[in-house]
Amino acid sequence: MNIRNVVSPLPHLSRTALRRLFHGLVLLSVLALAPPTWARLSSDGHTTVAGAGAGWLGAVPETPVGLVLGAGIRNGRPTPMLANRLDIAARLYAAGKIHTILLSGDNSQVGYDEPTVMRDYLLARSVPGEAVVLDYAGFDTWDSCVRARQVFGAHRITVVTQLFHLPRAVTLCRTAGLDAYGVGDDSSRQWALRTYSYAVREFFACAKGFLDAVVLDSPPRFPGPRETSLEQAARWAGIRLDG
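Here the structure is a predicted model, which is why all the values come from computation and not from measurement.

Here is what the cut-offs are and how they apply
Residues numbered from 1 in each chain as written. Predicted model: local features only at pLDDT ≥ 70, side-chain atom pairs only at ≥ 80, totals over all residues. Heavy atoms only, no water. Helix = DSSP H or I, 4+ residues; strand = E, 2+ residues; numbered from the N terminus. Contact = heavy atoms within 4.5 Å. Areas by Shrake-Rupley, 256 points an atom, 1.4 Å probe, with all protein chains shown as cover. Disulfide = S-S within 2.5 Å. Buried < 20%, exposed > 50% of the residue type's maximum accessible area, 1.4 Å probe, protein only. Phe/Tyr/Trp six-rings, centres within 6.5 Å; stacked < 30°, edge-to-face > 60°. Lys NZ or Arg CZ within 6 Å of the ring centre and 35° of its normal.

Peer 1: Looking at this structure, how should I read the overall build of the protein chain?
Peer 2: Within the protein chain one finds 7 helices and 8 strands. When contacts within the protein chain are restricted to residue pairs at least 6 apart in sequence, long-range pairs at least 24 apart make up 75% of them. Surface accessibility of the protein chain: about 12,900 Å² in total, with carbon and sulfur atoms responsible for 57%.

Peer 1: Help me understand the state of the cysteines in this model?
Peer 2: Put plainly, a disulfide is one covalent bond tying together the sulfur atoms of two cysteines. Scanning all chains against the criterion turns up 1 disulfide. Across the disulfide, Cys-145 is cross-linked to Cys-173 (sulfur-sulfur distance 2.2 Å). Looking down the S-S bond of the Cys-145 and Cys-173 bridge, the torsion is -70°, so its handedness is left-handed. Of the two residues, Cys-145 is situated in helix H4 (residues 141–150) and Cys-173 in helix H5 (residues 166–175); the sequence distance between them amounts to 28 residues. Across the pair, Cys-173 and Cys-145 agree in class, each one buried.

Peer 1: In this structure, what is going on with the packing of aromatic side chains? I would like to understand it.
Peer 2: Each aromatic ring pair is summarised here by two numbers: the centre-to-centre distance and the angle between the ring planes. Summed over all chains, the structure comprises 3 aromatic pairs. Plain terms: the ring middles of Phe-164 and Tyr-198 are 5.5 Å apart, the flat faces sit at 35° to each other, and that makes the pair tilted. Here Tyr-198 lies in helix H6 (residues 192–215) and Phe-164 lies in the loop between strand E7 (156–162) and H5, a separation of 34 residues in the sequence. Under the relative-accessibility criterion, Phe-164 is labelled buried at 17%. Given the relative accessible area of 26%, Tyr-198 is considered partly exposed. Across from the ring centre of Tyr-121, 3.5 Å away, lies the NZ or CZ of Arg-125, which sits over that ring.

Worth remembering: the numbers are spatial, not functional.
As structure tokens, this is what we get:
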């Protein structure tokens, strides 16, 4: 039997078709890389990596507000990555780099209250309750950034998260109208495999963030009403949110 009768020949493509296919693949690659590149470039010069010593604190500018983004709770306690974020926020507060702390997390389900667990963790580490404000509708990074500006009235913030998430977090907050700086925990030192898996997910999260912030200018899932709790915390601390 002639093998040509068994195996169908590959479709013949003209040079023009091949050229168009190549250009299409290049365009898809550019579109795929655009969101993470946007996040990296927009956050460049506005981030610091937290270290074990105190040297990194000198690179962090003083801002009125520290924004800590939720990262999950289990059995009434922060996940290890969230605990690291909160430890960094406590150090920033003790060093006078931030004067109030906005805790933004998920409280969309009964029995799951990220902001309250985050607050209790900070109170146990000598952060005064008067300086802590809770945002119960920080369902994702874009929502947290938009609500910090539009609902709580923040202007200048230091956002605290993990290093793999930092470019997107800072860029989204800056796109939301905040003068944002970022401090990141290098979680790869403790959880290398988990960090790398999250870093892969960041590729797709950047695409969603770019769509929300730049293409659609999406409102947060819960946009308001206007809160004055952060202004009250600022008055207690003797500062201005727009200072």
